[in-house]
Amino acid sequence: MECAFVPAAAHPVCARPSGPSAVSTVRAGSHAWRAGGAATAARLLPRRATIERRSAPHGVRMLSSNDLRPGVTVEMDGSVWRVTEFLHVKPGKGAAFVRTKLKNMETGAALEKTFKAGETVQQASLEKITMKHTYVDGDDYVFMNMETYDEERLTAKVIGERVKYMKEGLDVEVLKHNSRVLDVDLPTTITLRVTETEPGVRGNTANNALKPATLETGATVMVPLFIEIDELVSINTVEGKYLSRAKE
């Protein structure tokens, strides 16, 4: 079948197909015409639907909402957030979803956000630098890079509950995003000295009986009855729990 475009026509005009039931399709760019049977003019077909697929920028990692866990950092609306709590919910009816609590790593603000199951969110790319906590200046906790001697500061509000384990001389991981200091990661286990507690009970080595003890940083933890003042103890900074006695 032969077709020719006629300037005054909205579609190409085609010669009669070779058979009464012959059907031909003509394409031009994103349009298509079909001629068949005794028709001498082609019929404009609807444009094919296209699906736009967007890919993440190079170097950006996307996370599924199903991968969110406490400690994971994500970037939303130009801010970096740390997941503090999450709950995967699968209702009897309707789609599953993930309910989270987030903390803004720059301002300390809290946010509750619900994601659809499988929804993607951008993972925050953070730079970690080992620094030493050197001193406190008002509400600022000062950290020094022992190689370059550069100093960085974070407020107690941003550090949050972990500030009660912050001891001068402690090595921490300072987290940066786009050259901005956002947070610090403390070691999971640290050693601190007991400064106040009830007198120890001699011969009592049971670990299931506990009493409160105040540590040198001001933190209070529950310790076994046999722990005494001036002893060193190992503490889990994530759970805030006593682990064991420590050696000098």
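Before reading on, note that the structure itself is shown above.
### Comments concerning the nonpolar core
Buried together is how nonpolar side chains tend to be arranged in soluble globular proteins.
No. 1: By size, the foremost hydrophobic cluster in this structure holds 29 residues, and its most contacted members are Phe143, Met166 and Val184.
No. 2: When residues of this core are assigned to their parent elements, the largest contribution, three residues, is made by strand β17 (residues 189-197).
No. 3: Contact partners of Met166, with chain neighbours within four places excluded, come to His133, Tyr141, Phe143, Ile159, Val172, Val184, Leu186 and Thr217.
No. 4: Ranked by size, the runner-up nonpolar core spans 10 residues in total, among them Leu63, Met76, Trp81 and Phe115.

### What to know about the sheet that holds strand β7 (residues 73-76)
No. 1: Strands sit in the order β6-β11-β7-β8-β9-β10 across an open sheet of six strands; the sheet is antiparallel. Strands at the two margins of the open sheet, each flanked by one partner only, are β6 (62-64) and β10 (110-116). The average angle at which neighbouring strand axes cross in this sheet is 50°, direction not considered.
No. 2: Two elements, β6 and strand β11 (residues 120-123), share three bridges in a ladder whose sense is antiparallel.

### Quick notes on the side chain of Ser64
No. 1: Tracing the backbone shows Ser64 in strand β6.
No. 2: The residues touching Ser64, leaving out its near neighbours within four places in the chain, are Gly118 and Glu119.

### Topic: the pattern of salt bridges
No. 1: Under the defined criterion, the tally for this structure stands at 15 salt bridges.
No. 2: Each of Arg82, Lys128, Arg162, Asp183 and Asp185 takes part in salt bridges that share partners, so that together they form one network.

### A closer look at the sheet that holds β17
No. 1: Overall, antiparallel pairing links the five strands, which are arranged β19-β18-β17-β20-β21 in an open sheet. On the outer flanks of this sheet lie β19 (220-224) and β21 (241-245), each paired with one strand and no other. Averaged over neighbouring strand pairs, the angle between their axes works out to 55° when direction is ignored.
No. 2: Two strands pair when backbone bridges link them, and strand β18 (residues 210-215) and β19 are joined in this way by five bridges, in the antiparallel orientation. Of the residues in β19, the one forming a bridge with Ala213 is Val221.

Basis of the calculations
Residues numbered from 1 in each chain as written. Predicted model: local features only at pLDDT ≥ 70, side-chain atom pairs only at ≥ 80, totals over all residues. Heavy atoms only, no water. Core = buried A, V, L, I, M, F, W, Y, C linked by side-chain atoms within 4.5 Å. Buried < 20%, exposed > 50% of the residue type's maximum accessible area, 1.4 Å probe, protein only. Helix = DSSP H or I, 4+ residues; strand = E, 2+ residues; numbered from the N terminus. Contact = heavy atoms within 4.5 Å. Pairing = 2+ DSSP bridges. Axes fitted to C-alpha atoms, helices over the stretch in contact; angles between N-to-C directions. Salt bridge = Lys/Arg side-chain N within 4 Å of Asp/Glu carboxyl O.

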